[in-house]
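# Observations on chain architecture
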Amino acid sequence: MRKLFMTAMMVAASVSLTNAQTTQRQVVEEGGTGPFKSEVVGDASCPGFTVYRPQNLKEVVAQNGALPVIVYANGACFNNNVEMRLLLSEVASYGYVAAAIGPYDEADVMAQWRGVLKSAYPETKGEVIMANGEKILPLTPEEIKARQEQQAKQREQALKAMKKGKKGKQQPTAPVFSTYPKMLLEVLDWLTAQNAAKGSEYYHCLDLQQVAAMGQSCGGAQVLGVAYDPRIKTCVMLNSGIGDMEMMGSTKEMLNNLHQPMFYMIGGPGDIAYANAQKDYERIADNIPVVMLNSKDGHSGTYYEKYGGNYAKAVVKWLDWQLKGQVGQSALFLDDEYLKLRFPEWQGVRKNF
């Protein structure tokens, strides 16, 4: 009973009712390329989340009006948003306030991605230039062999452990995810309260009529889990699709709850989400506008590249169109010739526009 009480207290503490209190901040990549240089902040009243926003928020709002809001869920449903730090910082520099699941973290983004890219990109790119200028080359034959041997050893160890478990020792259950879909609505509630609270850093700074839910990979399943909420005006699915899976409580039936335009940004056939995303696209009802763009970047997109790479550019254009009414930004999603001009290797489909 005591353990359940403590758990409940920790969850409640992750989104406090007190006024926003920025205690940590950093600037990523000089604040992005947008007109409003961005910053990443940790807030004592919302310790379970990280906020990406323009610097000098009050001044930006005074000159340009309240800013649209993004709630973001992480790949692998991690409780850490470092993997999307470059993209979210870039998006914020175009006049958005993004609240991402996971506490503030000053981890080295490039250090995290180095290992991921080394193993993930032989099939999708000959080499990768990271945001810090570092070149990542494909695995050498020797490295591939060493990895295969390591994987074989791990399978052998797992098989032995399974056989041992059958003799009477029960195997431990798989660890549960430390995040859940409703966290996206909880942080939206916090932002709503802060927007209404005099003395808050966000007082009258947020346009809560213009809210996007965005998630990468498993985070996309979390987005589908809350897409029924009428406050969410558009969803962005990055390298994600539910298909016939069940993940984080979401299934293909969740597609029936959609009421807003949908944007799928997928990494092509090399993306493990590719097949699921195709199924989602076909199943989404005929009254829901949906666009799917496919690059050749695989499941990890361009999140490691300078300013979040081309994925960040596409996300900004979609949000500018959907949340700010900038119709000119729709060309990337509705005009095949424009898409080919801007991103020759990308392919796009759309329906219900």
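### Details of the overall build of the protein chain
- Of regular secondary structure, the protein chain possesses 11 helices and 12 strands.
- Rg of the C-alpha trace for the protein chain: 21 Å, near the compact-globule value of 20 Å for 353 residues, within the 12% margin.
- Each of the three principal axes of the protein chain carries a C-alpha extent, and together these read 65 × 60 × 45 Å.
- Looking at the protein chain residue by residue over its 353 residues, the buried ones come to 51%.
- In the protein chain, the proportion of contacts linking residues at least 24 apart, taken out of those at least 6 apart, comes to 70%.
- Just so you have it, the protein chain exposes about 16,800 Å², and 55% of that area is on carbon and sulfur atoms.
- Each charge class in the protein chain can be summarised by its mean position, and for the 37 positive and 36 negative side chains these summaries are 7 Å apart.

### Some remarks on the environment of Asp 271
- Summarising the element assignment, Asp 271 is placed in the loop between strand 10 (262–266) and helix 8 (274–283).
- Given a relative accessible area of 2%, Asp 271 falls into the buried group.
- Distance from Asp 271 to Ala 213, taken between C-alpha atoms, is 21 Å for residues 58 residues apart in sequence.
- Discounting residues that sit within four places of it in the chain, Asp 271 has contacts with Asn 239, Ile 266, Gly 298 and His 299.

### Comments concerning the pattern of salt bridges
- Taken as a whole and assessed by the stated rule, the structure comprises 11 salt bridges.
- Notably, a salt bridge pairs Arg 25 with Glu 39, separated by 3.0 Å at the nearest N-O pair. Note that Arg 25 is positioned in strand 1 (residues 22–26) and Glu 39 in strand 2 (residues 38–43), a separation of 14 residues in sequence.
- In this structure Arg 25 comes out as partly exposed when scored by relative accessible area, which is 48%.
- Between Arg 350 and Asp 336 there is a salt bridge whose closest N-O contact spans 2.8 Å. Here Asp 336 lies in helix 11 (residues 336–342) and Arg 350 lies in strand 12 (residues 347–351), a separation of 14 residues in the sequence.
- Look at the salt bridges and you will find they share partners, linking Arg 25, Glu 39, Arg 53 and Glu 201 into a network.

### Let's talk about the confidence of the model for the protein chain
- Averaged over all residues, the pLDDT of the protein chain equals 90, while 90% of them reach at least 70.
- In the model, residues 1–13 has pLDDT below 50 throughout and makes 2 contacts with residues more than four positions away in sequence or in other chains.
- Predicted confidence is poor over residues 169–175, with pLDDT under 50, and the contacts of this stretch with residues over four places away or in other chains come to 4 contacts.

### With respect to the nonpolar core
- Trp 190, Tyr 202, Leu 206, Leu 258, Met 262, Tyr 264 and Ile 284 are the most contacted members of the largest nonpolar core, which has 52 residues in total.
- When residues in this core are grouped by element, the largest group, 7 residues, is from helix 6 (residues 183–196).
- Apart from residues no more than four positions distant in its own chain, Leu 258 is found in contact with Leu 224, Ala 227, Ile 284 and Ile 288.
- Formed by 48 residues, the second largest nonpolar core is a distinct cluster that contains Val 40, Ala 92, Ile 136 and Tyr 311.

### Overview of the sheet that holds strand 11 (residues 290–294)
- Within the open sheet, the 10 strands sit side by side as 1-2-3-5-4-8-9-10-11-12. Their pairing is mixed. The sheet terminates laterally at strand 1 and strand 12, the two strands that pair on one side only. For this sheet, the mean angle separating the axes of adjacent strands, direction not counted, is 20°.
- In terms of strand pairing, strand 11 meets strand 12 through 5 bridges, oriented antiparallel. What sits directly across from Val 291, in strand 12, is Arg 350.
- Packed on one face of the sheet, helix 6 meets strand 2, strand 3 (49–54), strand 4 (67–73), strand 5 (97–101), strand 8 (206–216) and strand 9 (232–238) and runs near 155° to strand 4.

### So, the pairing of strand 4
- The buried fraction of strand 4 amounts to 7 of the 7 residues, a majority that puts the element mostly inside the structure.
- Sheet analysis places strand 4 next to strand 8, joined by 6 bridges and oriented parallel. When the sheet's bridge partners are listed, Val 71 is paired in strand 8 with Ala 213.
- Where strand 4 and strand 5 come together, 4 bridges link them in parallel fashion. Following the sheet pairing, Val 69 is matched in strand 5 by Val 97.

### Looking at helix 3 (residues 85–92)
- Counted residue by residue, helix 3 has 8 buried out of 8 residues, so it is predominantly covered.
- For helix 3, the set of buried residues is Arg 85, Leu 86, Leu 87, Leu 88, Ser 89, Glu 90, Val 91 and Ala 92.

### Quick look at the state of the cysteines
- On inspection of all chains with the given rule, the structure shows 1 disulfide.
- Lacking any disulfide linkage, Cys 205 is separated from the closest cysteine sulfur, that of Cys 46, by 16 Å.
- A relative accessible area of 1% places Cys 205 in the buried class.
- Lacking any disulfide linkage, Cys 235 is separated from the closest cysteine sulfur, that of Cys 77, by 15 Å.
- According to the relative accessible area criterion, Cys 235 is buried, its value standing at 0%.

Cut-offs applied
Residues numbered from 1 in each chain as written. Predicted model: local features only at pLDDT ≥ 70, side-chain atom pairs only at ≥ 80, totals over all residues. Heavy atoms only, no water. Helix = DSSP H or I, 4+ residues; strand = E, 2+ residues; numbered from the N terminus. Rg over C-alpha atoms; globule rule 2.2 N^0.38 Å. Buried < 20%, exposed > 50% of the residue type's maximum accessible area, 1.4 Å probe, protein only. Contact = heavy atoms within 4.5 Å. Areas by Shrake-Rupley, 256 points an atom, 1.4 Å probe, with all protein chains shown as cover. Lys, Arg positive; Asp, Glu negative; His and termini not counted. Charge placed at Lys NZ, Arg CZ, Asp CG, Glu CD. Salt bridge = Lys/Arg side-chain N within 4 Å of Asp/Glu carboxyl O. pLDDT = per-residue confidence, 0-100. Core = buried A, V, L, I, M, F, W, Y, C linked by side-chain atoms within 4.5 Å. Pairing = 2+ DSSP bridges. Axes fitted to C-alpha atoms, helices over the stretch in contact; angles between N-to-C directions. Disulfide = S-S within 2.5 Å.

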